[in-house]
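# Coordinates in review
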Amino acid sequence: MSLSGIIPATIPASAIGADITLTREDMKFIAALVYEQAGIVIREHKEAMTRGRLARRVKALGLGSVAEYCAFLKTPQAASELPELINAVTTNHTAFFRERHHFDHLRREVMPRLVQERAGRRGRIRIWSSACSSGEEAYSIAATCREAIGPRSDLDFRILATDIDTDILARAEAGIYPVDLFERLPADVKPSMRLEAGSTRGDARISEELRRMVAFKRLNLIETWPMKGPFDVIFCRNVFIYFDTQTKASILDRFVALLSPGGFLYLGHSESLPQPHPNLRLIGRTIYERTA
């Protein structure tokens, strides 16, 4: 990023004590910009969280205040900063095998059927983790499906994992996590998370076998989607909570269009459809099947 003449080349000492006051006007501006860029709704009660996250960008750019940062965002030179703003305000909370019932359904109901239908003729199986965050969801999917597929090579199997946050995607693709995350896994799934040595002491890395099953890509869910599908399974968990009803309905229609008939959509535990969908039926706890 080149901000010569606008942003100091180095962070001055004064920036360490930058003014992180967030006025009502600046809060409205940031909320509107984030909604325009990513469809994410920042509500008024999130002001303290927003202020703290903007402070990181203020200090990173060597600015003196949140007000200066907002003023900079209004200039043409700010185009390259917009992804950094989205990275700063997005929430990345996830875990391996989070909401375990989805992985149990994938292992017991979905994968056996897909393997039976498509094995022996290089059958195609595609799964999409649509907001993969730091990768735990995608690797949990990979581990679950690897157990179902076994050593066979007569299936064309891939997982697409996408997220809007470029920083978090880099971490996901590396596949390196504190080893204690794996030590706390339930005993029945722990062997499926094949690991190798991490980059530093106390870290472990997802095995190359599992990493090869996943392709990580940046994707903004409110923009054009380059993939054509169809997908047999789509995970969209704890994402709809950040969108308004209109945005949720639009994204849902696009999910359904990419799902194979009989395919499955998994939502987060606190989420539901924005409205009943004629091509989806609820078959389990936040599990929907495409009916036509």
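Above this text you will find the structure in question.
Reference entry: report on the structure contained in this document. Computed from a prediction, not measured in an experiment: that's the story for all the values here.

At a minimum axis distance of 11 Å, the contact between helix α2 (residues 24-38) and helix α5 (residues 82-89) shows a crossing angle of 105°. It follows from the interaxial angle that α2 and α5 lie roughly perpendicular. Listed contacts from α5 to I30, L33, V34, Q37 and A38 of α2 are L82, L85, I86 and V89. The residue inventory of the contact of α2 with α5, partitioned by class, reads eight nonpolar, one polar and no charged.

By the secondary structure assignment, E81 is in the loop between α4 (66-73) and α5. Side-chain polar atoms of E81 contact the side chain of R57, separated by 2.8 Å.

For the rest of this paragraph, the subject is the sheet that holds strand β5 (residues 203-206). Taken in spatial order, the three strands make up an open sheet running β3-β5-β4, and their pairing is antiparallel. Edge positions in the open sheet fall to β3 (176-178) and β4 (195-197), since each of these has one partner strand only. Strand after strand, the sheet turns through a mean of 45° between neighbouring axes, direction not considered. Across three bridges, the pairing between β3 and β5 is antiparallel. Within β5, the residue paired with Y177 across the bridge is A204.

Neither face of strand β10 (residues 287-290) is exposed, since I287 and E289 on one face and Y288 and R290 on the opposite face are all buried. Here strand β8 (residues 259-267) runs beside β10; their pairing, made up of three bridges, is antiparallel. Residue pairing in the sheet places Y266 in a bridge with I287 of β10. As paired elements, strand β9 (residues 280-284) and β10 share four bridges and run antiparallel to each other. Note on β10: the bridge partner recorded for L280 is R290. Two successive antiparallel strands, β9 and β10, enclose a turn made up of two residues, where T286 displays a positive phi of approximately 55°.

Let's shift gears to helix α3 (residues 47-60). End to end, α3 covers 20 Å across 14 residues, agreeing with the expected 20 Å (1.5 Å per residue, within 8%). Buried residues of α3: T50, R53, L54, A55, R57 and V58, and no others. Elements that come into contact with the buried residues of α3 comprise α2, α4 and α5. Following α3 by one or two positions, G62 adopts a phi angle in the positive range, close to 75°.

On to the pattern of salt bridges, then. This model, assessed by the stated rule, comprises 18 salt bridges. With a closest N to O distance of 2.9 Å, D104 and R100 form a salt bridge. Of this pair, D104 and R100 both sit in helix α6 (residues 100-118), four residues apart, roughly one helical turn. Residue R100 is classed as partly exposed on the basis of its relative accessible area, which comes to 24%. Between E209 and R194 there is a salt bridge; the shortest N-O distance is 3.5 Å. Here E209 is found in helix α10 (residues 208-211), whereas its partner R194 is found in the loop between α9 (179-183) and β4, with 15 residues between them in sequence. With a relative accessible area of 28%, R194 lands in the partly exposed category. Through salt bridges that share partners, R100, D104, R107 and D188 make up one connected network.

Conventions and cut-offs
- Residues numbered from 1 in each chain as written.
- Predicted model: local features only at pLDDT ≥ 70, side-chain atom pairs only at ≥ 80, totals over all residues.
- Heavy atoms only, no water.
- Axes fitted to C-alpha atoms, helices over the stretch in contact; angles between N-to-C directions.
- Helix = DSSP H or I, 4+ residues; strand = E, 2+ residues; numbered from the N terminus.
- Parallel < 35°, antiparallel > 145°, perpendicular 65-115°, else oblique.
- Contact = heavy atoms within 4.5 Å.
- Nonpolar A, V, L, I, M, F, W, Y, C, P; charged D, E, K, R; others polar.
- Polar contact = N/O pair within 3.5 Å; in protein donor to acceptor, adjacent residues only side chain to side chain.
- Pairing = 2+ DSSP bridges.
- Buried < 20%, exposed > 50% of the residue type's maximum accessible area, 1.4 Å probe, protein only.
- Expected span 1.5 Å × (residues − 1).
- Salt bridge = Lys/Arg side-chain N within 4 Å of Asp/Glu carboxyl O.

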